[in-house]
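Residues per chain are reported as follows:
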Amino acid sequence: MPVNRMTGRMALALTLLAAAAVLVAADAVYAQGSAFGPRGDTIPSSGILGWMFAKQAEFYRSMSAVIRSAKTDGSAVWTLLGISFLYGIFHAAGPGHGKAVISSYLVANEETWRRGVVLSFASALLQAFVAVAVVGIAAVLLNATAGQMCSAGRVIELVSYALIMLVGARLIWVKGRGFLREARSLSSRPLHAVGAAVTPPEHKHHDHKHDDHCHDHAHHDHVHDHGHPQHGHGHDHGHHHAHDHDHGSAWGHAHGPEPEELAGPGGWRRGFSAIVAVGLRPCSGAIIVLVFALAQGLFWAGVAATFMMGLGTAITVAAIATLAVGFRSAAKQIAGTRSGYGMLAMRGIEVGAAVVVLGFGTLLLLGYMVAERGACF
Amino acid sequence: MNRLLILACTLASLLLGAGSVSAHPHVWVTMKSAVVYGPDGAVVGMRHAWTFDDMYSAFAVQGLEQKKKGEFTSAELQPLAQVNVESLKEYDFFTYAKAGGKELAFVDPKEYHLEFDPKEAVLTLFFLLPLKTPLKAKSVNFQVFDPTYFVDFALAEKDAVALETAPAGCQFNVGKPHELTKEMAQMLADIPADGKIPSDSYGEAFANKINVKCP
């Protein structure tokens, strides 16, 4: 599986790169921290976590002074953008930015790291957009109060959590059936073959064929030719995946669709539901910054800051998502060298990740887990 | 299969860990607090004056009616003060009292109002938080903090703590919260998913502590 190994390596490389970028960028600003006022002595000397807490608080607090000075000094806007970007990177390490949901979604759906990065960026930018829309409509157009914005925020939040639950439930449905099918095909095989350390040749051949087939799918969505007249293959796929009740028969395989097929063209539509589920809920920090900027008569600066925060957030989320995808492909590589139980284990991991998505959605919706307390009191 | 198991476990902890609650403040409060005594020398409650940071203040007054631009009278802010004290109930007013090893209960705030400082553009919330039952004790401990660290409470630089109509000989001691250490950050990260704090162990780390002793 050369492509898989490469994906794993790329994932690792990207993760390291992202981590290095974060540290370098943070260090640069830290060094000139005195530029925006006294740095204070609250930065703990040890512990990445503590340091990150201190940094994000520092960035956030310096925003108000920078926005104020932007009123008279245009160049302060650049500082604001830089701070917002870094704040986003650090802030997303905290709760409520869909890291867990996106990562679990990627693992369950056997998505590529590329797609993980795209999903992370799309959801983070949607989150920024929603914050701007909420403040733009509620505060700028309707002159709503903080309390009214909070109520609107709560409704959006509930919708978002319900969507996360739906995405999770759907994944469990699809992946659970895959798991059961795998288990069934295992138990129907002769007993001596099941426990064998070496994959039965027949099975291996089967798998191998699949892999080639699937990689073709993933990389040549629109150019490959399976002899379908007129309609692009992608269209067909999309249709099947959106409804996905007849995979088995559509493909004529005994054990249903290979994951890469699921990650194929139709997958973008499903990815969209994950983006909306995660990105719908605006971050309360962004809303506070936007309203403050509005009060200073610099709403546009708040909008720019919000999108920079979103960009920073996206980088952190993408790094964690990539890490998760990397682990998953490593697990798959090991699983691929085993007999049927390896594939069963992979299906098990996918179902587990799907359960995590549903679990997070449920806990969030029922209020047992606080993603991020709204600034409403 | 062992390696696969290890990978699966790492993956699980990554996914669950990414969703764990690790709080971060969005609201900063500079506090001044007074321990209030009744005529009989019993502690009757705590009077707070909490000044919010400028960003949160701007957020809180957004859309409120004002006669003069850039200024708010306490009368104009009274509905907001009402909402504030009602919502703070959910968070136990971030105030915890203990005497003789026992938690003391508070009842709904009295004498609450908001003031807007037009120069700094910040809001200050004033309220008296009465104890359910006034208490005569040699030593009473108060803690003010947000266990989930969404609100950062810091004592004002000057006159942060006072005693109101206290009997002669009463004294107070102030303990500031420790700076955030690695252990504390870990504690924050370990707050269970339901947001409930298992014991008052976090208080020691984050709370602004006020101890009053009377002869």
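Nothing here was measured: the structure is a model prediction, and the numbers come from that model. (Residues numbered from 1 in each chain as written. Chains lettered and ligands numbered in written order. Predicted model: local features only at pLDDT ≥ 70, side-chain atom pairs only at ≥ 80, totals over all residues. Heavy atoms only, no water.)

Scanning chain A from N- to C-terminus turns up 15 helices and 0 strands. Within the span of chain A, comprising 377 residues, buried residues form 53% of the whole. Taking as baseline every contact in chain A between residues at least 6 positions apart, the subset at least 24 positions apart corresponds to 80%. Element-wise, carbon and sulfur atoms account for 68% of the exposed surface of chain A, whose accessible area totals about 16300 Å². (Helix = DSSP H or I, 4+ residues; strand = E, 2+ residues; numbered from the N terminus. Buried < 20%, exposed > 50% of the residue type's maximum accessible area, 1.4 Å probe, protein only. Contact = heavy atoms within 4.5 Å. Areas by Shrake-Rupley, 256 points an atom, 1.4 Å probe, with all protein chains shown as cover.)

If you tally the helices and strands in chain B, you get 5 helices and 11 strands. A total of 215 residues make up chain B; the buried ones form 49% of that total. The long-range share in chain B, meaning contacts at least 24 apart out of those at least 6 apart in sequence, stands at 71%. Within the structure as shown, chain B displays about 10500 Å² of accessible surface, and the carbon and sulfur contribution to it stands at 56%.

Counted under the stated rule, the structure contains 13 aromatic pairs over all chains. Judged by centre distance (5.4 Å) and plane angle (40 degrees), the ring pair of Y60 of chain A and Y87 of chain A falls under tilted. Of the two residues, Y60 of chain A is situated in helix 2 (residues 48–70) and Y87 of chain A in helix 3 (residues 76–91); the sequence distance between them amounts to 27 residues. Residues F93 of chain B and F127 of chain B carry aromatic rings whose centres are separated by 6.2 Å and whose planes lie at 45 degrees to one another, so their mutual orientation is tilted. Of the two residues, F93 of chain B sits in the loop between helix 3 (74–88) and strand 3 (95–99) while F127 of chain B sits in strand 6 (residues 122–135), which places them 34 residues apart along the sequence. Accessibility classification places F93 of chain B together with F127 of chain B in one group, the buried group. Following the ring pairs from residue to residue traces out a cluster consisting of W50, Y91, F93, F94, F127 and F153 of chain B. (Phe/Tyr/Trp six-rings, centres within 6.5 Å; stacked < 30°, edge-to-face > 60°.)

Now for the nonpolar core. Grouped together as the largest cluster of nonpolar side chains are 94 residues, with contacts concentrated most on M63 of chain A together with W50, F59, L123 and F142 of chain B. The next biggest cluster of nonpolar side chains, apart from the first, holds 38 residues, and it includes I275, A318, A321 and A331 of chain A. (Core = buried A, V, L, I, M, F, W, Y, C linked by side-chain atoms within 4.5 Å.)

This prediction gives chain B a mean pLDDT of 82; 80% of its residues lie at or above 70. Predicted complex metrics record ipTM = 0.77 and pTM = 0.70. (pLDDT = per-residue confidence, 0-100.)

Residues and elements named next belong to chain B. Applying the stated criterion across every chain, the model contains 10 salt bridges over all chains. Among the salt bridges present, the one from E111 reaches R47, with a minimum N-O distance of 2.9 Å. Taken together, the residues span a long stretch of sequence, with E111 in strand 5 (residues 110–117) and R47 in strand 2 (residues 43–52) at a distance of 64 residues. Classification of E111 by relative accessible area gives exposed; the value is 51%. Taking the relative accessible area as the measure of exposure, R47 reaches 25% and is therefore partly exposed. (Salt bridge = Lys/Arg side-chain N within 4 Å of Asp/Glu carboxyl O.)

What follows covers the state of the cysteines. Residue and element names in this part refer to chain B. All chains considered together, the criterion is met by 1 disulfide over all chains. Each sulfur of the disulfide joining C170 and C214 lies 1.9 Å from the other. One disulfide, between C170 and C214, carries an S-S torsion of 115 degrees and so falls in the right-handed class. One end of the pair, C170, is in the loop between strand 9 (161–164) and strand 10 (171–175); the other, C214, is in the segment after strand 11 (208–213), and 44 residues separate them in sequence. Judged by its relative accessible area of 13%, C214 is buried. (Disulfide = S-S within 2.5 Å.)

On the surface, I137, V140, L141 and L142 of chain A cluster together into a nonpolar patch covering about 420 Å² of accessible area. Mapping L141 of chain A onto the fold places it in helix 5 (residues 113–141). (Patch = residues over 30% accessible without salt bridge, like charges linked within 9 Å, V, L, I, M, F, W, Y side chains within 5 Å.)

Let's shift gears to the packing of helix 4 (residues 99–108) of chain A against helix 14 (residues 299–336) of chain A. All names here are of chain A. Their axes nearest at 9 Å, the elements helix 4 and helix 14 cross at an angle of 30 degrees. What the angle tells us is that helix 4 and helix 14 run roughly parallel. Note on packing geometry: the crossing formed by helix 4 with helix 14 is right-handed. Each of K99, I102, S103, L106 and V107 in helix 4 lies in contact with helix 14, whose residues at this interface are V317, I320, A321, A324, V325 and R328. Here the residues of the contact of helix 4 with helix 14 sort into 8 nonpolar, 1 polar and 2 charged. (Axes fitted to C-alpha atoms, helices over the stretch in contact; angles between N-to-C directions. Parallel < 35°, antiparallel > 145°, perpendicular 65-115°, else oblique. Left-handed = near helix turned anticlockwise from the far one by under 90°. Nonpolar A, V, L, I, M, F, W, Y, C, P; charged D, E, K, R; others polar.)

Residues and elements named next belong to chain B. On the secondary structure map, H48 appears in strand 2. At 2.9 Å, the side chain of H48 and the side chain of T95 are in polar contact. Leave out the neighbours within four places in its chain, and H48 touches K32, S33, T95, L125, F126, F127 and V144. (Polar contact = N/O pair within 3.5 Å; in protein donor to acceptor, adjacent residues only side chain to side chain.)

Residues and elements named next belong to chain B. One non-glycine residue, F93, lies in positive phi territory at about 60 degrees. In this structure F93 comes out as buried when scored by relative accessible area, which is 5%. A positive phi angle, close to 55 degrees, is found at F94, a residue other than glycine. Relative to the elements of secondary structure, F94 occurs in the loop between helix 3 and strand 3. With relative accessibility at 1%, the residue F94 sits in the buried group.

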